[in-house]
Amino acid sequence: MKMFSGKIIVNVLMLGLLAGCVQDRVVLLPNADGSRSAVVLKTAAGEQVLDQPYEAASISQAGKIAASRETAESVQSRYGQTLSAQPKRPASYMIYFSSGNNEISAESAVAIEQMKADMKSRSAPQITVIGHTDRVGTVEANDALSLKRAQLMRDMLLAGGISEAQIEVSGSGEREPLVSTDDEVDEPVNRRVEINVR
Amino acid sequence: MWVIKLVVLLLVSGAVYAGDDAGLIKNASGMATILRGDGQIPAGVGAHVQVSDVVKTGANSSVGITLNDGTLLSAGPDSTLVINKFVFDSTAHTGELDVSLKKGTLAVVSGKLAKTSPRAVIFRTPTTLLGVRGTEFVLETAGE
């Protein structure tokens, strides 16, 4: 019995020492959209991958990594103030133009109203208008075309009362399709303007 | 001749300049400041954050920053954060992000750069180099 209690004390002391030399901590949080994710840690003493939600690592000054686990509650109590300062997540709104002219569809008019309401709910809101094309034509031609569509959208937003300082415009051409296709395939879903609000 | 080549190489590869716009302060409470060059400005809502800026929070204070690629950074009390590098090509959505947490706590939700250029997104603490694979996480350090 005496030996047993002695061992517990030693263990507790060791834990105390370990806790005393923890320099850094990393905790992987679950992605809001439920997708899988990971972080890769490299120190002078080794490497560690964290790929499960709430998996954590404590790192000593010498770079020694000790794996541990946190919970939603422990993260909230330790990092609640840090997490509460997190800005609102960016959101994207897709706008489609009727083919052959520059009028937006009825659904897209609704999306623009939702986007404006979203902007009002944010502090210091900014938007990026990003044009996208399908894969008909060259990469360069599609970069130019996507930028032109985005500029058209920006002009509509400026006319709708959004200030120029809040809007950035870019064209991503055929690089970011919503639906993957072979080259030179006509795909209306990919011909869109994305309004990213942040 | 090679000296000239080296200089050209440095000029080309060194296309990350202090002062490039990196993001905007979206939330701030308590004492938060941006140290830029020899000066300092309040890290209030709407203030721009630039490459090479040092963002500091005081006791019981916090600050939230959205970088231009959609990366969310939030620093808790008594924290010091440095934006070492931020490059974001608005056409290709590629680039580089390099942030150091010198002290305190930092929560991160990665943005477009972590999707398009995962190997070029790095977070640092005094002991650790952290690479991200599309991720939300928190970092903490006791400082250097």
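Bear in mind that the values here come from a model prediction, so they are computed numbers and not experimental data.

Rules of the game
Residues numbered from 1 in each chain as written. Chains lettered and ligands numbered in written order. Predicted model: local features only at pLDDT ≥ 70, side-chain atom pairs only at ≥ 80, totals over all residues. Helix = DSSP H or I, 4+ residues; strand = E, 2+ residues; numbered from the N terminus. Expected span 1.5 Å × (residues − 1). Buried ≥ 20, exposed ≤ 12 C-beta atoms within 10 Å, placed from the backbone. Contact = placed C-beta atoms within 7 Å. Nonpolar A, V, L, I, M, F, W, Y, C, P; charged D, E, K, R; others polar. Pairing = 2+ DSSP bridges. pLDDT = per-residue confidence, 0-100.

The subject of this paragraph is helix α4 (residues 139-159) of chain A. Residue and element names in this part refer to chain A. Between its first and last C-alpha atoms α4 spans 30 Å; for 21 residues at 1.5 Å apiece the expected length is 30 Å, and the two agree. When we look at burial in α4, the residues that qualify are N142, D143, L145, S146, L147, R149, A150, M153, R154 and L157. The inward-facing, buried residues of α4 contact β6 (91-95), β7 (127-132), β8 (167-171) and β9 (192-197). Where α4 ends, the next residue or the one after it, G161, has phi of about 100°, a positive value.

Moving on, we get to the interface of chain B and chain A. For interface size, the figure often reported is the accessible area lost on association. Facing 41 residues of chain B, the contacting portion of chain A comprises 40 residues. Among the secondary structure elements, those contributing two or more residues to the side of chain B that touches chain A are β1 (21-29), β6 (62-67), β7 (72-75), β9 (95-109), β11 (129-133) and β12 (136-141) of chain B. Top element by residues in the side of chain B that touches chain A is β12(B). It accounts for 6 residues. Here the side of chain B that touches chain A is composed, by residue class, of 18 nonpolar, 19 polar and 4 charged. Where strand β1 (residues 22-29) of chain A lies against β12(B), 6 bridges are found, and the strand directions are antiparallel.

Glancing now at the confidence of the model for chain B. All names here are of chain B. Per-residue confidence for chain B gives a mean pLDDT of 90; residues scoring 70 or more make up 89%. Confidence drops under pLDDT 50 across residues 6-14; counting only partners more than four residues distant or on other chains, this segment forms 0 contacts. Our summary of model confidence lists the complex with pTM equal to 0.85 and ipTM equal to 0.87.

Let us look at the pairing of β7(B). Residue and element names in this part refer to chain B. Neither face of β7 is left uncovered, since the one carrying L72 and S74 and the one carrying L73 and A75 both have all their residues buried. Here β6 pairs with β7 via 4 bridges, running antiparallel. From the neighbouring strand, V63 faces β7, where its bridge partner is A75. As consecutive antiparallel partners, β6 and β7 are separated by 4 residues, and within that stretch G70 has a phi angle of approximately 95°, a positive value. Here β7 runs beside β9; their pairing, made up of 4 bridges, is antiparallel. In the strand pairing of β9, S74 is matched with A107.

Note that V87(B) resides in strand β8 (residues 80-88). In this structure the C-alpha to C-alpha distance between V87(B) and A120(B), which are 33 residues apart in sequence, comes to 9.8 Å.

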